[in-house]
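Here's the letter readout for the chains.
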Amino acid sequence: MRLPNSTYDARSWRLAEIAPDFSVEDVWVLPAQGERQEFRELVHQIAEGEGAYEGERLVILLFVVRQLIGKLFGWDRPEAGLGARVASLRDRLPKDAIFSERGPDQRAAPWISVYRTDREWVGEYAGRTVHALMHVGWVPVPGKAADYRGEMTILVRPAGLIGRLYMAAIRPFRRFVINPAFFRMVARNWQRHRASAQ
C-alpha cells in the first residue's frame, strides 16, 4: 500500500536531518509486522534478498534492459557513482554513536548501506542520472501498542534534466512492476520468519 509522501516528514526520522536536499519519491507500507526487536530481522531479510524476483520474468527483463541502456550511455560507470560523481551520505553522518552501525549492503540490488539504528536503515545508490536513498523504518501500528510495521521510503536527488527525465520514465515501471515484486518477496520471507518464530 502506498502512503502519502507527507508520511515520511511526519515520522521525524534522523535521515531528514542528514539529507534535506533529497526529495521524497514515494512511501510504502511493507508487508512485515512484528515486535520492536524484530526490525533487525527485517533488515537482514531485505539485504539477503532470498528468492529475489523469483519467477518475476517481467522484472528480470526490465533489469536486463536497464543494464543494457546503462552500459550504452555510461550511467553506471564507477566514475559516475558514489565517491566519484557524488559523495556518500556516510560523509554527512554526525559523530553520534547512534550511527556507528553501518548495516548490511543488499545482495540482490546495488544499494550500499549507510547506517542502521534500532528503527531505521538507509541504503544509497548513485549513477549518472540520480543519487537515490532507500529508507526502511519500523513504526508502531496505530491501535496496537506492541506491534510495529515496516515502511519504505525512496528519496532522490536527480542529476539535472537527464535525471528528472530518467525518474519520470522509470516511475510507472517501478511503482507498478518492480515494487510489487519486491513486496511479494518481503511478504514471503516475513511469513516464513513469523511461522518459524511461533
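Preceding this paragraph is the structure being described.
On a predicted model such as this, the values are computed, not experimentally measured, just so you know.

## Digging into the layout of surface pockets
Thinking step 1. Taken as a whole, the largest pocket encloses approximately 1,000 Å³ of empty space.
Thinking step 2. Lining the largest pocket we find 36 residues, and of these Phe63, Arg66, Tyr166, Ile170 and Ile178 sit closest to its centre.
Thinking step 3. The set of elements that each furnish at least two residues to the lining of the largest pocket consists of α4 (57–73), β5 (130–141), β6 (144–158) and α5 (160–197).
Thinking step 4. Among the elements that take part in the lining of the largest pocket, α5 stands out by supplying 10 residues, more than any other.

## Things to note about the environment of valine 122
Thinking step 1. Mapped onto the secondary structure, valine 122 falls in strand β4 (residues 120–126).
Thinking step 2. For valine 122, a relative accessible area of 0% translates into the label buried.
Thinking step 3. When the C-alpha atoms of valine 122 and isoleucine 154 are compared, they prove to be 9.8 Å apart, with 32 residues separating the residues in sequence.
Thinking step 4. In this structure, valine 122 is in contact with Leu15, Leu89, Ile112, Ser113, Val114, Tyr115, Met134 and His135, ignoring residues within four places of it in sequence.

## Here's the deal with the environment of aspartate 91
Thinking step 1. When you line up the elements, aspartate 91 lands in the loop between α4 and β3 (112–116).
Thinking step 2. Accessibility expressed as a relative area gives 62% for aspartate 91, which makes it exposed.
Thinking step 3. Here the alpha-carbon distance between aspartate 91 and leucine 30, two residues 61 residues apart in the chain, equals 28 Å.

## Some words on the nonpolar core
Thinking step 1. Of all hydrophobic cores here, the largest spans 34 residues; its most connected members are Leu30, Leu42, Ile46, Trp121, Val136, Met152 and Phe182.
Thinking step 2. Elements supplying a minimum of two residues to this core: β2 (23–34), α3 (39–48), α4, β4, β5, β6 and α5.
Thinking step 3. If one sorts the elements of this core by residue count, α5 sits on top with 10 residues.
Thinking step 4. What leucine 42 contacts, discounting residues up to four positions off in sequence, is Leu30, Ala32, Val136, Trp138, Gly150, Val186 and Trp190.

## Things to note about the side chain of asparagine 189
Thinking step 1. Along the polypeptide, asparagine 189 turns up in helix α5.
Thinking step 2. Since its relative accessible area comes to 7%, asparagine 189 is described here as buried.
Thinking step 3. One polar contact links asparagine 189 to arginine 192, side chain to side chain, over a distance of 2.3 Å.
Thinking step 4. Discounting chain neighbours no more than four positions away, the residues touching asparagine 189 are Gln45 and Glu50.

## Concerning the packing of aromatic side chains
Thinking step 1. Taken as a whole, this structure holds 8 aromatic pairs when the rule is applied.
Thinking step 2. Between phenylalanine 73 and tryptophan 75, the ring centres sit 5.6 Å apart and the planes meet at 20°, which makes this aromatic pair stacked.
Thinking step 3. Given a relative accessible area of 12%, tryptophan 75 falls into the buried group.
Thinking step 4. An aromatic cluster is built from Phe39, Trp138, Tyr148 and Trp190, whose rings are joined through pairwise contacts.

## Here's the deal with α5
Thinking step 1. The terminal C-alpha atoms of α5, which comprises 38 residues, lie only 47 Å apart, well short of the 56 Å expected from a rise of 1.5 Å per residue.
Thinking step 2. Maximal helix bending in α5 amounts to about 50°, located at arginine 174.

## Notes on the packing of α4 against α5
Thinking step 1. Interaxial distance between α4 and α5 falls to 10 Å at its minimum, and their mutual angle equals 150°. Taken together, the axis directions place α4 and α5 in an arrangement best described as roughly antiparallel. Crossing geometry of α4 relative to α5 is assigned as left-handed. Residues Leu58, Val59, Leu62, Phe63 and Arg66 of α4 touch α5, and the partners they reach there are Tyr166, Phe173, Val177, Ile178 and Ala181.
Thinking step 2. Partitioned by chemical class, the residues of the contact of α4 with α5 number 9 nonpolar, no polar and 1 charged.

## Let's talk about unusual backbone geometry
Thinking step 1. Backbone geometry at serine 12 places phi at a positive 60°, although glycine is not the residue there.
Thinking step 2. Relative to the helices and strands, serine 12 resides in the loop between α1 (6–10) and α2 (15–18).

Procedures and definitions
- Residues numbered from 1 in each chain as written.
- Predicted model: local features only at pLDDT ≥ 70, side-chain atom pairs only at ≥ 80, totals over all residues.
- Heavy atoms only, no water.
- 1 Å grid on protein atoms, 1.4 Å probe; cavity = no way out; pocket = protein on both sides within 12 Å on 5 of 7 lines; lining within 4 Å.
- Points joined across faces, edges and corners; volume = space filled by probe spheres on them.
- Helix = DSSP H or I, 4+ residues; strand = E, 2+ residues; numbered from the N terminus.
- Buried < 20%, exposed > 50% of the residue type's maximum accessible area, 1.4 Å probe, protein only.
- Contact = heavy atoms within 4.5 Å.
- Core = buried A, V, L, I, M, F, W, Y, C linked by side-chain atoms within 4.5 Å.
- Polar contact = N/O pair within 3.5 Å; in protein donor to acceptor, adjacent residues only side chain to side chain.
- Phe/Tyr/Trp six-rings, centres within 6.5 Å; stacked < 30°, edge-to-face > 60°.
- Expected span 1.5 Å × (residues − 1).
- Bend = angle between axes of the 7 residues up to and from the residue.
- Axes fitted to C-alpha atoms, helices over the stretch in contact; angles between N-to-C directions.
- Parallel < 35°, antiparallel > 145°, perpendicular 65-115°, else oblique.
- Left-handed = near helix turned anticlockwise from the far one by under 90°.
- Nonpolar A, V, L, I, M, F, W, Y, C, P; charged D, E, K, R; others polar.

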